[in-house]
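Structure at a glance
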Amino acid sequence: MSDTCAENGLRSVEAAKQMLIDSITPITETKTIPLGEACGKVLAAPVLAALDLPPCDNSAMDGYALSGGFERYTVIGKSLAGHPFNGSLEPGQATRITTGAAVPTGADRVQMQENCTLEGDQLTQSRAASPGENIRCRGEDVHTGQCLIPVGSKIKVPHIALLAAAGVAEVTVLRPIKAALLSIGDELRPIGTPVSELGDGDIYDSNRIALKAALEQLDVEILDLGCWPDEPGKIREAFMHARDNADFVLTSGGVSVGEADYTKTVLQELGEIGFWKLAIKPGKPFAFGKLPKASGETLFFGLPGNPVSAIVTLYQLVIPALEKLRGTADTQRQPPLQTRARLLNSIRKKPGRTDFQRGYTYCDEDGIQVVETRGIQGSHILSGFAQANCFVVLPREGSDCATGDWVTVEPFAAPLK
Ligand code: AMP
Ligand code: MG
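A brief report on the enclosed structure follows.

What counts, and at which threshold
Residues numbered from 1 in each chain as written. Chains lettered and ligands numbered in written order. Predicted model: local features only at pLDDT ≥ 70, side-chain atom pairs only at ≥ 80, totals over all residues. Heavy atoms only, no water. Axes fitted to C-alpha atoms, helices over the stretch in contact; angles between N-to-C directions. Helix = DSSP H or I, 4+ residues; strand = E, 2+ residues; numbered from the N terminus. Parallel < 35°, antiparallel > 145°, perpendicular 65-115°, else oblique. Left-handed = near helix turned anticlockwise from the far one by under 90°. Contact = heavy atoms within 4.5 Å. Nonpolar A, V, L, I, M, F, W, Y, C, P; charged D, E, K, R; others polar. Near = heavy atom within 4 Å. Polar contact = N/O pair within 3.5 Å; in protein donor to acceptor, adjacent residues only side chain to side chain. Areas by Shrake-Rupley, 256 points an atom, 1.4 Å probe, with all protein chains shown as cover. Buried < 20%, exposed > 50% of the residue type's maximum accessible area, 1.4 Å probe, protein only. Arc of directions from axis to C-beta. Pairing = 2+ DSSP bridges. Core = buried A, V, L, I, M, F, W, Y, C linked by side-chain atoms within 4.5 Å. Domains from an automatic or database assignment.

Each pair of packed helices can be summarised by the angle the axes make with each other and by the distance between the axes. One can describe the packing of helix α3 (residues 206-216) onto helix α6 (residues 307-325) by two numbers: an axis separation of 11 Å at closest approach and a directional angle of 30 degrees. Classified by the angle their axes make, α3 and α6 are roughly parallel. Our pair here, α3 against α6, has a crossing hand that is right-handed. Where α3 approaches α6, its residues S206, N207, A210, L211, A214 and L215 are matched on the opposing element by P307, A310, I311, L314 and L322. A breakdown of the residues in the contact of α3 with α6 according to their chemical character gives nine nonpolar, two polar and no charged.

Right under this line is the structure:
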């Protein structure tokens, strides 16, 4: 993996993302699972509809199924959802009908009950129903044999509903990808360590639990390897174990060049790893590469240790790469939704790096999309990030912004939302 960098010695976010995606080959192993367990997984084989949807012409309303256009009808029975009318209507005849009930043979329209008056078995209407009114036609949603969702789709709630309605009880999906997750830093203490036991300068290992929470939303199985000291021998041991037991290794900390050169040395012994300086703020240092092993290779993503940088680089770079790894189709890996919003505060910015400031966007009382940044924009400031619902994306070559400027905002999507 080359260390060559672009302009100003920094690699652009877009170029870095593309390089990651281009160098990853999706997994191919599949498994067949019950539909109820499929939400969030990636579809690996086409799913065809086993029946038409709706399966028969049925009523969109509670009312009366009518045969032909007349002033008066004779009601001869009823068709309830799950209890169709056995028989057929002659012109001028009607049946009571409920929403979802099969439209009897011979009926060509449904009048809603609010427009009907019944005297004995004689029905009149306050306004005439037109042909086809309130009838949901067989197959107007889905035809038998139709491909319901394309291979490579991430299965979402509407897909589950569609597949279930179309008679699909099992789906073939790509297997979950497996991450080995670890933190590196002498100062790190596991969550749950009593505050009284923290030494001077010790901090909680907040990255690992946050990264784990994010990955779990992407159907990633996690091998949590804990936190590791800044010691080459131990780091080597941890990386080898991680490599042998996962599709990819995700670390945070210890990738800033200079300060932790031995991480670099260890990684370069084990594989081909690039230490990138990215034109991204927060999050400049980033390591990516491949660790060969007997059965192929394991990807390696080394995130910066600063907590905001770790989450931002995970979100902007690693997740798109993981979507490729887990088999999500190109068309499903759309760039994040961005929109424009008017700034409610000024922002200081130096040209050189794309800045993903943490902000809060909403529609004001005049219907204008506005945004304000939240908290100090430091790569260690988690409280502002926790109040944010979007990134304010400031282009690489942009400089200061004034109150009232229009800026690009990127509303948080999963797993930040
Ligand atoms: P590094 O990338 O190792 O130079 O660390 C940069 C900053 O991130 C330092 O202030 C570290 O203490 C902090 N840091 C590193 N790893 C973690 C972690 N797992 N959780 C929280 N903060 C971290
Ligand atoms: Mg460190």
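Moving on to the site of ligand 1. Taken together, 16 residues lie near ligand 1, and E187, D205, G254, G305 and N306 sit nearest. A distance of 2.8 Å separates an oxygen atom of ligand 1 from a polar backbone atom of G254. A distance of 2.9 Å separates an oxygen atom of ligand 1 from a polar atom in the backbone of G305. Relative to its unbound accessible area of 480 Å², ligand 1 is 80% covered by the protein chains. Of all the secondary-structure elements, those providing two or more residues to the shell around ligand 1 are β13 (203-204) and α3. For the shell around ligand 1, a count of residues per class yields four nonpolar, nine polar and three charged.

All of the buried residues in helix α1 (residues 13-22) are V13, A16, L20 and I21. Down the axis of α1, the buried side of the element spans an arc of 130 degrees, and every buried residue falls inside it. Exposed side of α1, more than 90 degrees from the buried face: E14 and D22 are the residues found there. Of the surrounding elements, those touching the buried residues of α1 are β16 (272-277), β17 (280-281), β18 (285-293), β19 (296-303), α6 and β21 (354-363).

So, about the sheet that holds strand β5 (residues 93-97). The sheet built from six strands is open, its strands ordered β6-β3-β5-β4-β8-β7 with mixed pairing. With partners counted over all chains shown, the strands left at the sheet margins are β6 (109-112) and β7 (116-119), one partner each. Between one strand axis and the next, the sheet turns through 40 degrees on average, direction left out of account. Two elements, strand β3 (residues 63-66) and β6, share four bridges in a ladder whose sense is antiparallel. Its bridge partner lying in β6, L66 is registered against R109.

Attention shifts here to the nonpolar core. Within soluble globular proteins, side chains that are nonpolar tend to cluster in buried spots. Ranked by internal contacts, the top residues of the largest apolar core, which has 43 residues, are L215, F248, L250, F286, F301, L314 and L322. Elements represented by at least two residues in this core include exactly α1, β11 (177-184), α3, β15 (248-252), β18, β19, α6 and β23 (390-394). If you tally residues by element for this core, the top one is α6, at twelve residues. A domain-level breakdown of this core finds at least three residues from each of domain 1 (13-28 + 176-332) and domain 4 (339-411). Sequence-distant contacts of F248, that is, excluding residues within four places in its chain, are made with I177, K178, A179, A180, L215, V220, T298, L299, F301, L322 and L325. Core analysis: the next-biggest nonpolar cluster, separate from the first, contains 20 residues, F239, V249, V266 and L291 among them.

A word on the sheet that holds strand β14 (residues 220-228). Strand order in the open sheet formed by six strands is β14-β11-β15-β19-β18-β16, and the pairing between neighbours is mixed. Bordering the open sheet on either side are β14 and β16, each of which pairs with just one other strand. Taking the axes of each pair of neighbouring strands and ignoring which way they run, one obtains an average angle of 15 degrees across the sheet. Looking at chain direction, β18 and β19 are connected through seven bridges and run antiparallel. Among the inter-strand pairings, K293 is bridged to a residue of β19, identified as G296.

Counted residue by residue, β11 has seven buried out of eight residues, so it is predominantly covered. Inspection of the sheet shows β11 paired to β14 by seven bridges, in the parallel sense. Directly across from I184, in β14, lies its bridge partner W228. In terms of strand pairing, β11 meets β15 through five bridges, oriented parallel. Its bridge partner lying in β15, L181 is registered against L250.

Distances and angles like these do not, on their own, reveal function.
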